[in-house]
Amino acid sequence: MNGHQTYLEKFGENVLKRRIELKLSYRQLAQKCDIDFSAISKIEKGQKSFEFQTIIELARGLEIHPKELFDFSFPE
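Residues numbered from 1 in each chain as written. Predicted model: local features only at pLDDT ≥ 70, side-chain atom pairs only at ≥ 80, totals over all residues. Heavy atoms only, no water.

1. Some words on the overall build of the protein chain
At step 1: Per the secondary structure count, the protein chain includes four helices and zero strands.
At step 2: The linear arrangement of helices and strands in the protein chain, starting from the amino end, is α-α-α-α.
At step 3: Its C-alpha atoms give the protein chain a radius of gyration of 12 Å, within 12% of the compact-globule value 11 Å for 76 residues.
At step 4: C-alpha extents for the protein chain along the principal axes are approximately 35 × 20 × 20 Å.
At step 5: When the 76 residues of the protein chain are sorted by exposure, 38% land in the buried category.
At step 6: A fraction of 62% describes how many contacts in the protein chain between residues 6 or more apart in sequence connect residues 24 or more apart.
At step 7: Total accessible area on the protein chain is roughly 5100 Å²; 50% of this is exposed by carbon and sulfur atoms.
At step 8: Here the protein chain carries 12 positive and 12 negative side-chain charges, and the mean point of each set is 5 Å from the other. (Helix = DSSP H or I, 4+ residues; strand = E, 2+ residues; numbered from the N terminus. Rg over C-alpha atoms; globule rule 2.2 N^0.38 Å. Buried < 20%, exposed > 50% of the residue type's maximum accessible area, 1.4 Å probe, protein only. Contact = heavy atoms within 4.5 Å. Areas by Shrake-Rupley, 256 points an atom, 1.4 Å probe, with all protein chains shown as cover. Lys, Arg positive; Asp, Glu negative; His and termini not counted. Charge placed at Lys NZ, Arg CZ, Asp CG, Glu CD.)

So, in C-alpha cells, the structure goes:
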C-alpha cells in the first residue's frame, strides 16, 4: 500500500470516528455539509481522493476544525 492511500484511509477513519461520535448517518452528514452521501462512504473507506473544499465542508458538518481530520501518525 502506498503512502497516499494510507493517508486517505487515516483521514477517512477520523471522519468515521467523528460522524459516529455525533451519531450522524451518512445522509445526515451529507445534508450538513452538502456532499453526496456515497462520497462520504468512499472517503471514510479511503477509496476516494477529494479537494480542499471537501475537507472544509466535512469539518463544518462534523463541527470540528479541519486539522482534527489530519490528526494521525505518518508512516515511516
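2. Let's talk about the confidence of the model for the protein chain
At step 1: Overall, the predicted model of the protein chain reaches an average pLDDT of 92, with 93% of residues at or above 70.
At step 2: Summarising per-element confidence for the protein chain, the mean pLDDT is lowest in helix 1 (residues 3–21) (92) and highest in helix 4 (residues 52–62) (97). (pLDDT = per-residue confidence, 0-100.)

3. Some thoughts on the pattern of salt bridges
At step 1: Scanning all chains against the criterion turns up four salt bridges.
At step 2: Between Glu21 and Arg18 there is a salt bridge; the shortest N-O distance is 3.2 Å. Residue Glu21 and its partner Arg18 are both found in helix 1; the two are separated by three residues, about one turn of the helix.
At step 3: Given a relative accessible area of 46%, Glu21 falls into the partly exposed group.
At step 4: Close ionic contact of Arg60 with Glu57 constitutes a salt bridge, the shortest N to O distance being 2.4 Å. Taken as a pair, Arg60 and Glu57 lie in helix 4 at a separation of three residues, close to a single helical turn.
At step 5: Classification of Glu57 by relative accessible area gives buried; the value is 18%. (Salt bridge = Lys/Arg side-chain N within 4 Å of Asp/Glu carboxyl O.)

4. With respect to the packing of helix 2 (residues 26–33) against helix 4
At step 1: One way to put it is that helix 2 packs onto helix 4 with a least axis distance of 8 Å and a crossing angle of 115°. When the axes of helix 2 and helix 4 are compared, the pair comes out roughly perpendicular. The handedness of the crossing between helix 2 and helix 4 comes out as right-handed. Residues Leu29, Lys32 and Cys33 of helix 2 lie in contact with helix 4, whose contacting residues are Glu57, Leu58, Arg60, Gly61 and Leu62.
At step 2: Here the contact of helix 2 with helix 4 is built from residues that sort into four nonpolar, one polar and three charged. (Axes fitted to C-alpha atoms, helices over the stretch in contact; angles between N-to-C directions. Parallel < 35°, antiparallel > 145°, perpendicular 65-115°, else oblique. Left-handed = near helix turned anticlockwise from the far one by under 90°. Nonpolar A, V, L, I, M, F, W, Y, C, P; charged D, E, K, R; others polar.)

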